[in-house]
Amino acid sequence: MTTIMQETQKNKWEIFNNRFADAYFLADKKTIVCKATTNYIPEKEFKELFGAIGEFIKTHRVEKLIFDKSKLTVFHQPSMVWYHIVWKAEMAIYGLLTYRKILPNDSFFRQSVKIGREKIKKEHPDFNFDKFDIQYCDSLEEALEK
């Protein structure tokens, strides 16, 4: 894992990068962009990625997280449960409630996401998706605008 947290360009701070994902902070937009760079992120590396992002959020004002999953082909439900139930709940304490998701153009993956959300709702009724502003976008540009 590489956690840099340094300014790489004006108003762009690299938070994390490894062979599975990159994450950076756009200071002028108060937005973190997390981009999957492979077709699958193993659970351990997924938790390291969001652990690094979470540490950054605790010390910087972040208003939006964009998660670009367009390279993914495998949906890992246990990672998604942890991401929603544990990670998002903790980040809400620090004010992060706005999420934009860019999904792959793959109907099976998109259906898996939908089924996964329903499963989380059923198995974790205390977790309220409506507390968050979650929208799906087709591009990074659209996600930055919304």
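This text goes with the structure placed above it.
Everything in this summary refers to the structure shown in the same document. Small disclaimer: the values here were computed from a predicted structure and weren't measured.

Structural notes on the pattern of salt bridges
The tally for this structure, following the rule as stated, stands at 9 salt bridges. Taking the shortest distance from any N to any O, the salt bridge between Asp68 and Lys35 comes out at 2.9 Å. Pair noted here: Asp68 is in strand E5 (residues 64–68) and Lys35 is in strand E4 (residues 31–36), with a separation of 33 residues, a long-range link. Salt-bridge contacts for Glu48 lead to Lys44; the nearest nitrogen and oxygen are separated by 3.2 Å. Taken together, the residues span about one helical turn, with Glu48 and Lys44 both in helix H1 (residues 43–59) at a distance of 4 residues. Residue classification places Glu48 among the partly exposed residues on the basis of a relative accessible area of 27%.

What about empty space enclosed by the protein?
The final tally for this structure, using the stated rule, is 2 cavities of 30 Å³ or more. Estimates place the volume of the largest cavity at around 110 Å³. Lining of the largest cavity is provided by Tyr40, Ile41, Phe46, Phe67, Lys69, Leu72, Val74, Phe75, His76, Ser79, Met80 and Phe109. In terms of residue class, the lining of the largest cavity is made up of 9 nonpolar, 2 polar and 1 charged.

Looking at the packing of aromatic side chains
Counted under the stated rule, the structure contains 14 aromatic pairs. Where Tyr83 meets Trp87, the ring centres are 5.6 Å apart and the plane angle is 15°; that geometry is what we call stacked. Note that Tyr83 and Trp87 are positioned in helix H2 (residues 77–93) at a spacing of 4 residues, about one turn of the helix. Each member of the pair, Tyr83 as well as Trp87, carries the same accessibility label: buried. Here the guanidinium or amino end of Lys12 rests over the ring plane of Tyr24, the centre of that ring lying 4.2 Å away. One cation-aromatic arrangement involves Lys88 over Tyr99; the distance from NZ or CZ to the ring centre is 4.2 Å.

The rules behind these values
- Residues numbered from 1 in each chain as written.
- Predicted model: local features only at pLDDT ≥ 70, side-chain atom pairs only at ≥ 80, totals over all residues.
- Heavy atoms only, no water.
- Salt bridge = Lys/Arg side-chain N within 4 Å of Asp/Glu carboxyl O.
- Helix = DSSP H or I, 4+ residues; strand = E, 2+ residues; numbered from the N terminus.
- Buried < 20%, exposed > 50% of the residue type's maximum accessible area, 1.4 Å probe, protein only.
- 1 Å grid on protein atoms, 1.4 Å probe; cavity = no way out; pocket = protein on both sides within 12 Å on 5 of 7 lines; lining within 4 Å.
- Points joined across faces, edges and corners; volume = space filled by probe spheres on them.
- Nonpolar A, V, L, I, M, F, W, Y, C, P; charged D, E, K, R; others polar.
- Phe/Tyr/Trp six-rings, centres within 6.5 Å; stacked < 30°, edge-to-face > 60°.
- Lys NZ or Arg CZ within 6 Å of the ring centre and 35° of its normal.

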